[in-house]
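A structural walkthrough
The lines below spell out each chain.
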Amino acid sequence: MLNRPPIIGVPANVLVDRTGAFPGTLRSYVNQDYLDALSLAGTAPVVLPITGPGEVDVQLSLLDGLLLTGGADVCPLCYGEQPARGLGDVYQDMDLHQLALARGAREAGLPVLGICRGLQVLNVAFGGTLHQDLNGMAGPFQQHAQLGYRHAVSHEVDLEPGSRLDRIFGCASIGVNSFHHQAVKDLAAGFKVSARARDGVVEGIEAEDGTFVLGVQWHPEGMVHQHPEMLRLFQALAEICTQQDRRTS
Ligand code: MN
């Protein structure tokens, strides 16, 4: 058992300064919502700057767990596809950093929670692919890019009975917010789908071997105040990291 708050690494996203005093400057940043939710759940978050692959092992050695955040689209070249029309911003250095962190974390037995893009990074890291733009696809898809309040429930997702998500929430379906235009296409080997929207879009994945490697397609960090059950995802991560105490195991 850890006798201090677990340290959760949160890899930075790329921000391109387009309007400030130094246009074109690249910044490493994380939305405060993720850090606040992690703190509220009793963890100590640390932001991991985007570095080359040589530093990934050093970053992982400092951590008890990893949280992969939402953000830009994953570069389709990372999963063997050419860019489709409708693809958004991609930053390949960030992708390579986060893919290496995801693989290294799993190898080291570190618990990982992926949110939105973070779920997609997990899927790509272990061999899966993505729909590059749901809006450009034929079929009866519902809206997955809601407008208005970030905390508002936009659609429902059904949880797979017996999955880790089912155990965390303890009910058959939950209301979630939705800010994505991409989704899992081919699921990575070693993972199972643990939540789906009513149109079939994958909203949750988790490792089949029972380790805590879990992704959700919605944004629980934006809902924790209005929908406190969403804090359970961060608390579940905190709990497993505290129990695991990999430095003594
Ligand atoms: Mn959705």
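Refer to the structure above for everything that follows.
Being a predicted model, the structure only gives us computed values, none of them experimental. (Residues numbered from 1 in each chain as written. Predicted model: local features only at pLDDT ≥ 70, side-chain atom pairs only at ≥ 80, totals over all residues. Heavy atoms only, no water.)

**What to know about helix 3 (residues 92-108)**
Given a rise of 1.5 Å per residue, 17 residues ought to cover 24 Å, and the 24 Å separating the end C-alpha atoms of helix 3 matches this to within 8%. Listing the buried residues of helix 3 in full gives Met94, Asp95, His97, Gln98, Leu99, Leu101, Ala102, Gly104 and Ala105. Positive phi appears at glycine 109, one or two residues downstream of helix 3, with a value of about 75°. (Helix = DSSP H or I, 4+ residues; strand = E, 2+ residues; numbered from the N terminus. Expected span 1.5 Å × (residues − 1). Buried < 20%, exposed > 50% of the residue type's maximum accessible area, 1.4 Å probe, protein only.)

**Some points on the pairing of strand 12 (residues 202-207)**
Most of strand 12 sits inside the fold, with six of its six residues counted as buried. Of the pairings in the sheet, the one linking strand 11 (residues 191-197) to strand 12 comprises five bridges and is antiparallel in character. Bridge pairing in strand 12 links lysine 192 to glutamate 206. With three bridges joining them, strand 12 and strand 13 (residues 213-216) adopt antiparallel strand pairing. The residue of strand 13 that forms the bridge with isoleucine 205 is glycine 215. (Pairing = 2+ DSSP bridges.)

**Overview of the nonpolar core**
Within the largest apolar cluster, 34 residues are counted, with the highest numbers of intra-cluster contacts made by Leu67, Leu113, Leu165, Phe169, Trp218, Leu233 and Phe234. Within the residue set of this core, elements represented by two or more residues are strand 1 (7-11), helix 1 (32-40), strand 6 (112-115), strand 8 (155-159), helix 5 (164-169), strand 9 (173-176), strand 13 and helix 6 (231-244). Setting aside anything within four residues of it in sequence, one finds leucine 67 in contact with Ile8, Gly9, Val10, Pro11, Tyr34, Leu38, Leu113, Ile115 and Phe234. The next biggest cluster of nonpolar side chains, apart from the first, holds 29 residues, and it includes Leu48, Val124, Phe126 and Phe191. (Core = buried A, V, L, I, M, F, W, Y, C linked by side-chain atoms within 4.5 Å. Contact = heavy atoms within 4.5 Å.)

**Remarks on the coordination of the manganese ion**
Those donors, His144 (ND1), His155 (NE2), Ser178 (OG), His180 (NE2) and Glu203 (OE), are the protein atoms that reach the manganese ion, and they lie 2.2 to 2.3 Å from it. Each donor residue of the manganese ion lies on the same chain, and together they follow the pattern H-x10-H-x22-S-x1-H-x22-E. Linking histidine 155 in strand 8 with glutamate 203 in strand 12, this pair joins segments that are 48 residues apart in sequence. Judged by its relative accessible area of 8%, histidine 155 falls in the buried class. Residue classification places glutamate 203 among the buried residues on the basis of a relative accessible area of 0%. (Donors = N, O, S within 2.8 Å, 3.2 Å for Na, K, Ca; no water.)

**Comments concerning the packing of aromatic side chains**
Here the structure, examined in full by the defined rule, presents two aromatic pairs. Seen in terms of ring centroids, phenylalanine 169 and tryptophan 218 are 6.4 Å apart; in terms of plane orientation they differ by 50°. Their pairing is tilted. Within this pair, whereas phenylalanine 169 is found in helix 5, its partner tryptophan 218 is found in the loop between strand 13 and helix 6, the two being separated by 49 residues in sequence. Note on phenylalanine 169: relative accessible area 5%, which makes it buried. Take tryptophan 218: its relative accessible area is 0%, and that puts it in the buried class. Between the NZ or CZ atom of arginine 106 and the centre of the ring of phenylalanine 126, over which it lies, the distance is 4.8 Å. The cationic tip of arginine 150 hangs over the ring face of phenylalanine 179; the distance from NZ or CZ to the ring centre is 4.5 Å. (Phe/Tyr/Trp six-rings, centres within 6.5 Å; stacked < 30°, edge-to-face > 60°. Lys NZ or Arg CZ within 6 Å of the ring centre and 35° of its normal.)

Coordinates in, geometry out; function isn't part of it.
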